[in-house]
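Remarks on the overall topology
Below are the chains, spelled out letter by letter.
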Amino acid sequence: MLKWLKRLFWLGLFFAVVGIAGISAFYFTLESSLPDVTSLREASLETPMRIYSADDALIAEYGEMRRIPLKISEIPQPLVDAFLAIEDSRFYEHPGIDPIGIMRAGFVWLTTGQMRQGASTITQQVARNFFLSREKTLLRKLKEVFLAWHIEKELSKDEILELYLNKIMLGYRAFGVGAAAQVYYGKRVDQLTLGEMAVIAGLPKAPSLLNPIRSPQRAQARRNVVLMRMLELGKITQEQYEAAKSEPIATRYHGADIMLNAAYIGEMARKYMVDKYGDDAYTKGFNVYTTVSAKRQKAADDAVFQGLLDYDIRHGYRGADKRLWQAQEPAWSSDKIYEYLTDVPSSDPFEPAVVTRIRDKQADVVIKGGLEGTINWDGMKWARSFISDERQGAAPRRAADILHVGDQIWVWPVDDTQLRLVQIPDVNAAFVALNPQNGAIEALVGGFSFELSKFNRVDQAKRQAGSNIKPFIYSAAFNSGFTLASLVNDAPINQWDTGSGSVWSPKNSPPVYDGPITLREALARSKNVVSVRLLRSIGIGKLMEHLRLFGFDVKPEQRNEALALGAIEVSPLEMVTGYAAIANGGFKVTPFFISRIEDAQGHPLFEATPAKACSDCDNQGPLAAHNTSSGAETTASVPTENAIPGAQVAPQIISHANAFLVSEALHSAIFGGKDRGMNAGWMGTGWRAAKALGRHDIAGKTGTTNEAKDAWFSGFNSQLVATAWVGFDDHRRKLGRSIAGNEYGASAAQPIWIDFMKVALAGMPESPIPQPADVTTVRIDNISGLISSREDGSSRSEFFQRGQEPTQSDPGNATLFGEGESATPGTSTEDIF
């Protein structure tokens, strides 16, 4: 017997030696084809691209994989213990391989012919996740073992564990524990309860089957297994076990922790990054910092939302989206209503709802999600019936005049106690604000809802400019010898057009005329016929070239006098850029929206260095200078001795003096005749802003196109410029008329600008446009515009570019452009063209 035992021993030893030799030979055969595990030290985890505001508020996240990389020191110890307990309790003791587990897996393979058990350690899982496929073959398993040995030699245990906890797939596109905590619980890992940690630790075995959203019962059972293992290993106490085991499985899917609603700027940044980096943009963990500020972006978003909602309310209720059942039909059950509403997309902050009961001045509704509520009279009494863009019905007297049982409607939960009947506006808007000194976009809203329309009206929509173009016409006039005090005849124009065979007769709006009027007042009150007379004096070719300086794409076919009335299509971004040149002293800045880009480790990859306006210096290149006495244009080299060393100076397209004079007229558009000691007999078209904002450093211009299809307002101080546009995407529709009156730039677009500026300028010291050194003041007669020695109300102080101030004091010598045409006294408060 002993002899046979010795023989068996030596036979076993022989086979062991042969096995070891075979494995060694196999290892040396495979070694050259094994990946280099030292690359793990520089491992790049696929992480999504994140877009931030200038003040670090998350705007958007793009990428198939959700991952929040964490250092091992940032992961709570109980979460680490949970993973080790269920996945590899001897992780810190073994050399990367668990022999018992391998023998068990090998036995199953020998007896069944299938690789049903993995028995992988965490180190082996790291090897598989980074270097190998998930196929269950013996060759892949042997490679995994060899790689695990290499990894254990190259990395510390903590480094291996850190890679594992950041790489592991945990369901719902969440990779790593940081992303799982956010996806399932909307928390950081350090905010998780013990029970929640155990749920996450239980996921690697089968993420799709065990996750708490899809399978709460399975997740609960797996969690309890994890907790039991932790208890057995002494990682938690009995009390902790019982408390964690009693926690309910309460979870839902959480998207990225978006802090700022700026979807349009987020999409602009995404497109830029994909154009620059290709598909790597979605996986390399880029952090993109935009120029928008959270405060101003939210103000812009709120202003556009409120402005469009107010317009929609003024024009009446268009009715329910759908009637789900008629009065003679059986009412839907609660379950059927819930099921229907589940498939109706929400439009934040609006929610779809169904009317279930009508009372005298109340309506009971079921809201998406199964909530029940009541719309009281204050939440629906606005809903006159919509007849057309020009007409609304009579004011409703009871709820039945507005709603019917079975209506699928939209409601706005204004607060916890109040529901308001609403509708998604047909009308749309665009808003953009930028820093005129360097072109940085500080707020941008491309429409009412990015969810409903990805079309960005700020830079993709081209709309007629209307009277918003007039400041640039006046700028050309100042270059041609006109001054703020120049008199132009505000009188009707009737001109035979041989091409069309009809009379072209541009009108003021309202169609009243004031006779001789200064350019300051004419621009402030948006006199259409004065703009046409200026165009005729400047010359249409010269005006077209001047408009192109500001970046406006004036086409040859637009070479007609309608150009003076804004018959040119521009985007809101082009418009605000043009106004920036007026606000910054004449420099054409280039709008930009990305300030810097960092890689996943925070290393800088790009930082914007925009060309800036310079109030103390002029252009480095040629500036079109105009001889104001003759109107002849020459080219002059502009000195740069005051330029900031190393700074890029934006090209100067108009002089400081020209920009200042235009801004002065636009200041009067806000404050009227009172702003410079003039007679207070007139108001500018933007007068609503003066009282609303309570500051004196603002200037701006309304704009409404022919037939009121586009409404504009652009305004600024020296530190902030913004443009608001309102209109229908369908170019055939007019903004129309409501119970409150006609919809013009002052009533449709300016309120958005005002609401934004209330927030954006709050706490900012007044920052008026500085007076240039070559601009002087002269006291002039209110009527003639010539020098006056009187100090009473018949005269005022006016600005002139040095050399252009009047030299005469005899009112009889006043020059009136457009003399001889009839004039009718009147007062204009708004403009159509």
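All residue numbers here refer to positions counted from 1 along the written sequence of the relevant chain. For a predicted model such as this one, the threshold for reporting local features is a pLDDT of at least 70, and the threshold for listing and counting side-chain atom pairs is 80 or more; totals across whole chains, interfaces and linings nevertheless cover every residue. Side-chain calculation: all heavy atoms of the structure are included, whereas hydrogens and water are not.

1. Notes on the overall build of the chain
- Numbering goes from the N terminus for both helices and strands, where a helix is a DSSP run of H or I of at least four residues and a strand is a run of E of at least two. Per the secondary structure count, the chain includes 22 helices and 31 strands.
- Whether two residues are in contact is decided by their heavy atoms, any of which lying within 4.5 Å being enough. Taking all contacts inside the chain whose residues are at least 6 apart in sequence as the whole, residues at least 24 apart take part in 70%.

2. Re the pattern of salt bridges
- The rule for a salt bridge is simple: a side-chain nitrogen of Lys or Arg has to be within 4 Å of a carboxyl oxygen of Asp or Glu. Enumeration according to the criterion identifies 38 salt bridges in this entry.
- Residues Asp 426 and Arg 318 are paired through a salt bridge, measuring 3.3 Å at the closest nitrogen-oxygen approach. On the criterion of sequence distance, the pair formed by Asp 426 in the loop between β11 (419–422) and β12 (428–434) and Arg 318 in the loop between α13 (294–314) and β4 (322–323) is long-range, its members being 108 residues apart.
- Residues Glu 664 and Arg 520 are paired through a salt bridge, measuring 3.0 Å at the closest nitrogen-oxygen approach. A residue pair is termed long-range when its members are at least 10 positions apart, and Glu 664 in helix α20 (residues 656–671) and Arg 520 in helix α16 (residues 519–524) qualify at 144 residues.
- Residue Glu 664 is classed as buried on the basis of its relative accessible area, which comes to 4%.
- Shared partners join several salt bridges into a network, and the residues in it are Asp 312, Arg 318, Asp 389, Asp 426 and Arg 733. When a residue's accessible area, from a 1.4 Å probe over protein chains only, is under 20% of the maximum for its type it is buried; when over 50% it is exposed; and in between it is partly exposed.

3. What about the pairing of strand β26 (residues 721–727)?
- The buried count for β26 comes to seven of seven residues, which makes it a mostly enclosed element.
- Burial along β26 is two-sided: Val 721, Thr 723, Trp 725 and Gly 727 facing one way and Ala 722, Ala 724 and Val 726 facing the other are all buried.
- Only strands that DSSP links by at least two bridges are regarded as paired with each other. For β12 and β26, the ladder comprises seven bridges, and the chain directions are antiparallel. Across the sheet, Asn 428 pairs through a bridge with Gly 727, a residue of β26.
- The pairing of strand β25 (residues 710–716) with β26 spans seven bridges and is classified as antiparallel. Note that in β26 the partner of Ser 714 across the bridge is Thr 723.

4. A short note on the side chain of Asn 508
- Locating Asn 508 in the fold gives a position in the loop between β17 (502–504) and β18 (515–518).
- Taking relative accessible area as the criterion, Asn 508 reaches 4% and is therefore assigned buried.
- In the analysis that follows, any N or O atom pair within 3.5 Å is treated as a polar contact, provided that within protein one partner can donate a hydrogen and the other can accept it, and provided that, for residues neighboring in sequence, both atoms belong to side chains. Of the polar contacts made by the side chain of Asn 508, one reaches the backbone nitrogen of Asn 528; its length is 2.9 Å.

5. Considering the confidence of the model for the chain
- Every residue is assigned a pLDDT by the predictor, reflecting its confidence on a scale from 0 to 100. On average, residues of the chain score 85 in pLDDT, and 82% of them are at 70 or above.
- Here residues 17–29 is a poorly scored stretch, pLDDT under 50, and it has seven contacts once near neighbours within four places are set aside; other chains count.
- Long-range and interchain partners of residues 618–645, a stretch whose pLDDT sits below 50, account for 51 contacts in this model, where long-range means more than four residues apart.

6. Overview of the sheet that holds β12
- Spatial ordering of the open sheet is given by β13-β12-β26-β25-β24, a layout of five strands whose pairing is antiparallel. Two strands in the sheet have a free side with no partner beyond their single neighbour: β13 (441–445) and β24 (699–704). Between one strand axis and the next, the sheet turns through 5° on average, direction left out of account. To define axes, lines are fitted to C-alpha atoms, for helices over the stretch in contact only, and angles between the resulting N-to-C directions are given on a 0 to 180 degree scale.

7. Section: the nonpolar core
- Residues belong to a common nonpolar core when they are buried Ala, Val, Leu, Ile, Met, Phe, Trp, Tyr or Cys residues joined through side-chain atoms within 4.5 Å. Ranked by internal contacts, the top residues of the largest apolar core, which has 93 residues, are Ile 265, Val 288, Ile 441, Phe 472, Leu 534, Phe 552 and Phe 716.
- Looking at which element gives the most residues to this core, the answer is helix α19 (residues 572–583), with eight residues.
- In terms of nonpolar packing, the next biggest core, distinct from the first, is built from 69 residues, Phe 350, Val 366, Ala 429 and Leu 735 among them.

8. So, the side chain of Ser 475
- Inspection of the secondary structure assignment puts Ser 475 in helix α15 (residues 470–479).
- Ser 475 gets classed as buried once you look at its relative accessible area, which sits at 1%.
- Beyond its immediate chain neighbours, meaning those up to four positions away, Ser 475 contacts His 546, Phe 550, Ile 654, Asn 658 and Val 662.

9. Description of the packing of helix α2 (residues 77–87) against helix α10 (residues 216–232)
- It is the contact of α2 with α10, at a shortest axis distance of 8 Å, that shows an interaxial angle of 95°. Viewed along their axes, α2 and α10 adopt a mutual orientation that is roughly perpendicular. Across the interface between the two elements, Pro 78, Asp 81, Ala 82, Ala 85, Ile 86 and Glu 87 from α2 touch Arg 222, Val 225, Val 226, Arg 229 and Met 230 from α10.
- In this classification, the charged set is Asp, Glu, Lys and Arg, the nonpolar set is Ala, Val, Leu, Ile, Met, Phe, Trp, Tyr, Cys and Pro, and all remaining amino acids, among them Gly, are polar. Across the contact of α2 with α10, the residue classes tally to seven nonpolar, no polar and four charged. In these notes the angle categories are as follows: under 35 degrees is roughly parallel, over 145 is roughly antiparallel, 65 to 115 is roughly perpendicular, and the rest is oblique.

10. Here we look at the packing of aromatic side chains
- The pairing test for Phe, Tyr and Trp rings, Trp by its six-membered ring, is centres within 6.5 Å, and the orientation test on the planes gives stacked under 30 degrees, edge-to-face over 60, and tilted for anything in between. As enumerated under the stated definition, the model contains 25 aromatic pairs in all.
- Ring geometry for Phe 472 versus Phe 552: centroids 4.9 Å apart, planes at 70°, classification edge-to-face. Taken together, the residues span a long stretch of sequence, with Phe 472 in helix α15 and Phe 552 in the loop between α18 (540–549) and β19 (569–570) at a distance of 80 residues. Across the pair, exposure class does not vary: Phe 472 and Phe 552 are buried alike.
- Following the ring pairs from residue to residue traces out a cluster consisting of Phe 472, Phe 550, Phe 552, Tyr 579 and Phe 716.
- The ring of Phe 91 has Lys 157 sitting right over it, with the charged end atom 4.5 Å from the ring centre.
- Criterion for a charge above a ring: Arg CZ or Lys NZ at most 6 Å from the ring centre, at most 35 degrees from the ring normal. Lys 454 extends its terminal NZ or CZ atom over the ring of Phe 450, reaching a point 5.0 Å from the ring centre.

11. Some details on unusual backbone geometry
- Going from Asp 348 to Pro 349, the amide bond is cis rather than trans, its omega being 10°.
- With respect to the helices and strands, Pro 349 occurs in the loop between α14 (334–342) and β5 (351–358).
- With omega at -5°, the peptide bond leading from Ser 509 into Pro 510 counts as cis.
- Following the sequence through the fold, Pro 510 ends up in the loop between β17 and β18.
- One non-glycine residue, Tyr 172, adopts positive backbone phi at about 50°.
- Checked against the element boundaries, Tyr 172 lands in the loop between α6 (157–167) and α7 (177–185).

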